[in-house]
Amino acid sequence: MWKASAPSNIALIKYMGKESAVGNVAVNPSLSMTLSAFLTNVEIEPISGGEDRWEPLPSSAPLRAESTKRFVNFFTRIKQEREIAGSFLIRSGNNFPSDAGLASSASSFAALTMAAFQAFASVSGKPSPSLSEQAMVSRTGSGSSCRSFFSPWCAWEAREIGPVPSRLPDLTDLVAVIDSGFKKISSSEAHKRVQASALFEGRPERASTRQREIKTAMASGDLKRTAEIAWAELWDMHSLFHTASPPFFYFSPLSLAVLRWAERSWEETGTGPITTVDAGPNVHLLVPTAEKDRWRRELLAAVPGISLLESRA
Ligand code: DP6
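Being a predicted model, the structure only gives us computed values, none of them experimental.

Peer 1: Before we go on, may I ask you to explain the overall build of the chain in this structure?
Peer 2: Scanning the chain from terminus to terminus reveals eight helices and twelve strands. The C-alpha extent of the chain, read off along each of the three principal axes, is 65 × 40 × 40 Å. Among the 313 residues that make up the chain, the fraction classed as buried is 52%. A sequence separation of at least 24 residues applies to 74% of the contacts in the chain between residues at least 6 apart. For the chain, the exposed area adds up to about 14000 Å²; of that, 53% sits on carbon and sulfur atoms. Looking at charge distribution, the chain has the averaged site of its 34 positive side-chain charges lying 2 Å from that of its 32 negative ones.

Structural data, given as structure tokens:
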């Protein structure tokens, strides 16, 4: 049996919009922090005959039929591309609550790719490809998963995936977990719809400029500048959502209350969290780990009624 686990990640520069859905070719570069507390575990074992199949690890929640199909099809495709014979059972599960809106495909596809390459290496007797090559393969299953291969910071720039040097302090992501109750638009659907937004023109250039700027800010340990760029990027991506065709949005009143709190903190005290929101209502607040308890207390006092999860990079 082969086992692997991989972390989720949260993007500050967002992968949004695909040049091609085949292989998940992004229109722009992206950059993220890995979230080591939010892990997917995958186990793979050979089975005799039949097709590859999936089941949840003990005490893990079942995937939706559509997600199971996408997961298994990805495995079967990369297996066949490498001419690996035999059938396999894949088991997987997350160590974080599946109803928290964090269940991202990033950690699942990264862990599946890592476990698959272990299996292929031992079946074929050939060595596994490098981590960057594995990340490129994982990208073809789910784009954002390629950034879960390098920690604590990872950049995905066309065919290059690798670590990003940073002099920022050690950060913890405080995740304000908010249930919007709205029907969820999947990120795969979001990638399609944003291309019809009038704001999509110029989007790859805006993201590329921010990618360069944020790397400079991170390399010099400039938390304030990093937060400004992440803030601009959050509103850029969500504005694409709000002006897409058909338009859609993820914010709930509580998301906005947390965002207002973060904004006020910067305005009134000159300091605050690096704030971002993915394709969902949860707000991610990256704060220095040494100060996380104080930020946690201040946020819960200002916005009662939210629950917080946390992860270090
Ligand atoms: C908003 O990687 O989930 O989280 O390639 O279709 O699987 P697919 O999309 P996915 O898109 C993630 C979009 C995002 C921003 C990001 O993580 O960069």
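Peer 1: Would you mind going over the packing of helix 7 (residues 253-269) against helix 8 (residues 292-302) with me for this structure?
Peer 2: To describe two helices that pack against each other, one gives the angle between their axes and the distance between the axes. Two elements in contact, helix 7 and helix 8, have axes separated by 10 Å at closest approach and are oriented at 125 degrees. With respect to their mutual orientation, helix 7 and helix 8 come out oblique. Considering the relative orientation of helix 7 and helix 8, their crossing is right-handed. Contacts from Val258, Trp261 and Ser265 of helix 7 reach helix 8 at Trp295, Glu298, Leu299 and Ala302. A per-class count over the contact of helix 7 with helix 8 returns five nonpolar, one polar and one charged.

Peer 1: How should the pattern of salt bridges be read in this particular structure?
Peer 2: All told, the structure shown has 26 salt bridges when counted by the stated rule. Among the salt bridges present, the one from Asp278 reaches Lys14, with a minimum N-O distance of 3.1 Å. Note that Asp278 is positioned in the loop between strand 10 (274-276) and strand 11 (283-288) and Lys14 in the loop between strand 1 (2-13) and strand 2 (18-20), a separation of 264 residues in sequence. Ionic pairing is found between Glu45 and Arg91, a salt bridge with its closest N-O pair at 2.9 Å.

Peer 1: I tried to follow the sheet that holds strand 10 on my own but got confused; where do I start?
Peer 2: Within a sheet, adjacent strands bond to each other through the backbone by hydrogen bonds, running parallel or antiparallel. The strand order across the open sheet built from four strands is 10-11-9-12, with neighbouring strands paired in antiparallel fashion. The open sheet has two edge strands with one neighbour each: strand 10 and strand 12 (307-312). With strand direction ignored, the average angle separating the axes of adjacent strands in the sheet is 20 degrees. Contacts from helix 7 reach strand 9 (171-177), strand 10 and strand 11 within the one sheet, and its direction differs from that of strand 11 by about 30 degrees.

Peer 1: Even after reading the chapter, I still don't get the packing of aromatic side chains, so can you show me in this structure?
Peer 2: Each aromatic ring pair is characterised by the separation of its centres together with the angle its planes make. Summed over the entire model, instances satisfying the criterion amount to 14 aromatic pairs. Arranged with centres 5.3 Å apart and planes meeting at 65 degrees, the rings of Phe74 and Phe109 form a pair that is edge-to-face. In this pair, Phe74 is assigned in helix 1 (residues 65-81) and Phe109 in helix 2 (residues 105-124), connecting sequence segments 35 residues apart. Phe74 sits in the buried class, given a relative accessible area of 4%. Residues Phe117 and Phe120 carry aromatic rings whose centres are separated by 5.8 Å and whose planes lie at 75 degrees to one another, so their mutual orientation is edge-to-face. With a gap of three residues between them, Phe117 and Phe120 both fall in helix 2, about one helical turn apart. Accessibility assignment for this pair places Phe117 and Phe120 in one class, buried.

Conventions and cut-offs
- Residues numbered from 1 in each chain as written.
- Predicted model: local features only at pLDDT ≥ 70, side-chain atom pairs only at ≥ 80, totals over all residues.
- Heavy atoms only, no water.
- Helix = DSSP H or I, 4+ residues; strand = E, 2+ residues; numbered from the N terminus.
- Buried < 20%, exposed > 50% of the residue type's maximum accessible area, 1.4 Å probe, protein only.
- Contact = heavy atoms within 4.5 Å.
- Areas by Shrake-Rupley, 256 points an atom, 1.4 Å probe, with all protein chains shown as cover.
- Lys, Arg positive; Asp, Glu negative; His and termini not counted.
- Charge placed at Lys NZ, Arg CZ, Asp CG, Glu CD.
- Axes fitted to C-alpha atoms, helices over the stretch in contact; angles between N-to-C directions.
- Parallel < 35°, antiparallel > 145°, perpendicular 65-115°, else oblique.
- Left-handed = near helix turned anticlockwise from the far one by under 90°.
- Nonpolar A, V, L, I, M, F, W, Y, C, P; charged D, E, K, R; others polar.
- Salt bridge = Lys/Arg side-chain N within 4 Å of Asp/Glu carboxyl O.
- Pairing = 2+ DSSP bridges.
- Phe/Tyr/Trp six-rings, centres within 6.5 Å; stacked < 30°, edge-to-face > 60°.

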